[in-house]
Amino acid sequence: MKVLIFKTAEEVKVQAARQLLMSVQRNPESVLGLATGGTMEDVYAELVKQSHQHDASWAQVTTFNLDEYWGISSDSPASYRTYMNHHLFDHIDVDPGATHIPPSEGDNPEMAAAQYEARISGAGGIDLQLLGIGVNGHIGFNEPTSSLVSKTRLKTLTQSTRDANLRFFDTMEQVPRYALTVGIGTIMASDECLLVATGSSKAPAVQTMIEGPLAASCPASALQMHQKVTVMLDEEAARDLELRSYYQLVHPDGQESAVSDG
Ligand code: F6R
């Protein structure tokens, strides 16, 4: 795992956007796995800005989002489809037909999940998977005790996740109880992952993900078994890391090291 610690959340979003954009510029036919949430709002605003500055084309890029609430309409203001259109897709030249979000309703979530998984495989898999992390260690909506080899499926959201996402709704009753999420196995099959976390509320989950045991109680710890993961943190999110000075020695102020350190 490459652990990059930047002084501020501002620097994190600039570097994360830069890595995403570099991936698109290196391979215009990139297949990107995308995340939603508060952290990504800043990353996407910066990504839009950098895309315009560099006149970057997204015309041949394919995207797959990690998750979508189940039981709301996809054009509802709180859906992740609406979020993605608003924060990213409406501002770049990506082909709307090449942007995939798990369905938010239907009679057969199992079949919908299998179809989504098949669509990812059909696109050749994810080249770069962008991830945030929940305060309980979830990635996507793979809540604690999710199978570490899981594929796309319907998950019941924990109360902690519903509490954290209440800010996107008017009342707790409106916060969905379920989500269709890609699995940890799906995430692990991506060629590369970029996990972004900022703020002190993420510090305990970040510490457990990087330095704790590999355990379903912290789904993000599965990334310890992925060959190519970059974790971008601000100082607050890195607060609880026991080997923090080591990560800073290898990557002072989040800089790349001269040698590859996986
Ligand atoms: C959502 C997703 C989640 C979020 C996580 C952090 O698509 O993948 O795992 O990344 O819940 O969300 P924020 O950034 O709102 O703290």
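Residues numbered from 1 in each chain as written. Predicted model: local features only at pLDDT ≥ 70, side-chain atom pairs only at ≥ 80, totals over all residues. Heavy atoms only, no water.

Tracing the backbone shows Ser79 in the loop between β4 (67–70) and α3 (80–87). Look at Ser79 and you get buried, because its relative accessible area is 0%. At a separation of 2.5 Å, a polar atom in the side chain of Ser79 contacts the main-chain carbonyl oxygen of Ser74. When residues no more than four places from it in sequence are discounted, the contact partners of Ser79 are Glu68, Ile72, Ser73 and Ser74. (Helix = DSSP H or I, 4+ residues; strand = E, 2+ residues; numbered from the N terminus. Buried < 20%, exposed > 50% of the residue type's maximum accessible area, 1.4 Å probe, protein only. Polar contact = N/O pair within 3.5 Å; in protein donor to acceptor, adjacent residues only side chain to side chain. Contact = heavy atoms within 4.5 Å.)

A separate point is the site of the ligand. As a matter of local geometry, the ligand sits amid 14 residues, with Thr36, Thr39, Asp67, His138 and Lys202 nearest to it. Contacts to the ligand include Thr36, whose side-chain N or O atom sits 2.7 Å from an oxygen atom. One of the side-chain N or O atoms of Asp67 is found 2.6 Å from an oxygen atom in the ligand. For the ligand, whose free accessible area comes to 410 Å², the fraction covered by protein is 92%. (Near = heavy atom within 4 Å. Areas by Shrake-Rupley, 256 points an atom, 1.4 Å probe, with all protein chains shown as cover.)

Looking now at unusual backbone geometry. Phi at Thr145 is positive, roughly 80 degrees, even though this residue is not glycine. Looking at the secondary structure, you find Thr145 in the loop between β6 (128–131) and β7 (153–156). The exposure class of Thr145 is exposed, given its relative accessible area of 64%. Of note in this structure, Asp253 is not a glycine but carries a positive phi near 50 degrees. Mapped onto the fold, Asp253 is located in the segment after α8 (244–250).

Let's shift gears to the packing of helix α2 (residues 38–53) against α3. Each packed pair of helices is defined by two parameters, the angle between the axes and the distance between the axes. Their axes nearest at 9 Å, the elements α2 and α3 cross at an angle of 35 degrees. Between α2 and α3, the residues in contact are Met40, Glu41, Tyr44 and Val48 and Tyr83, Met84 and His87, respectively. Split by residue class, the contact of α2 with α3 holds five nonpolar, one polar and one charged. (Axes fitted to C-alpha atoms, helices over the stretch in contact; angles between N-to-C directions. Nonpolar A, V, L, I, M, F, W, Y, C, P; charged D, E, K, R; others polar.)

As a further point, take the packing of helix α1 (residues 9–26) against α2. Where α1 contacts α2, the axes come no closer than 8 Å and their chain directions differ by 55 degrees. If you check the angle between α1 and α2, you find them oblique. Viewed along their axes, α1 and α2 form a crossing whose handedness is right-handed. Where α1 abuts α2, its residues Lys13, Val14, Ala16, Ala17, Arg18, Leu20 and Leu21 lie against Asp42, Val43, Glu46, Leu47, Gln50 and Ser51. (Parallel < 35°, antiparallel > 145°, perpendicular 65-115°, else oblique. Left-handed = near helix turned anticlockwise from the far one by under 90°.)

What follows concerns the packing of aromatic side chains. According to the stated counting rule, one finds eight aromatic pairs in the structure shown. Centroid distance Phe64 to Tyr116: 5.8 Å. Interplanar angle 80 degrees. Geometry classified as edge-to-face. Pair noted here: Phe64 is in strand β3 (residues 62–65) and Tyr116 is in helix α4 (residues 109–122), with a separation of 52 residues, a long-range link. The burial state of Phe64 is the same as that of Tyr116; both residues are buried. Ring centres 4.7 Å apart and planes at 40 degrees place the aromatic pair Tyr69 and Tyr80 in the tilted group. (Phe/Tyr/Trp six-rings, centres within 6.5 Å; stacked < 30°, edge-to-face > 60°.)

Another point: the sheet that holds strand β1 (residues 2–6). Within the open sheet, the seven strands sit side by side as β1-β10-β9-β6-β2-β3-β5. Their pairing is parallel. Sheet topology places β1 and β5 (99–100) at the edges, where each strand pairs with a single neighbour. Lying over the sheet, α4 contacts β3 and β5, oriented at roughly 150 degrees with respect to β3. (Pairing = 2+ DSSP bridges.)

Our focus in this paragraph is α3. Those residues of α3 not exposed but buried are Tyr80, Tyr83, Met84 and His87. Down the axis, α3 shows its buried residues gathered within 95 degrees of arc, on one side only. Next to the buried residues of α3 lie β2 (31–34), α2, β3, β4 and α5 (159–165). Of the residues that open α3, the one with a side-chain oxygen 3.4 Å from the backbone nitrogen of Arg81 is Ser79. (Arc of directions from axis to C-beta.)

The next subject is the pattern of salt bridges. Scanning all chains against the criterion turns up seven salt bridges. Between Arg177 and Glu173 there is a salt bridge, with its nearest N and O atoms 3.6 Å apart. Arg239 is paired through a salt bridge with Asp240; the nearest N and O atoms lie 2.8 Å apart. Judged by relative accessible area, which is 28%, Asp240 ranks as partly exposed. (Salt bridge = Lys/Arg side-chain N within 4 Å of Asp/Glu carboxyl O.)

The values reported here are purely geometric and, on their own, carry no functional implication.
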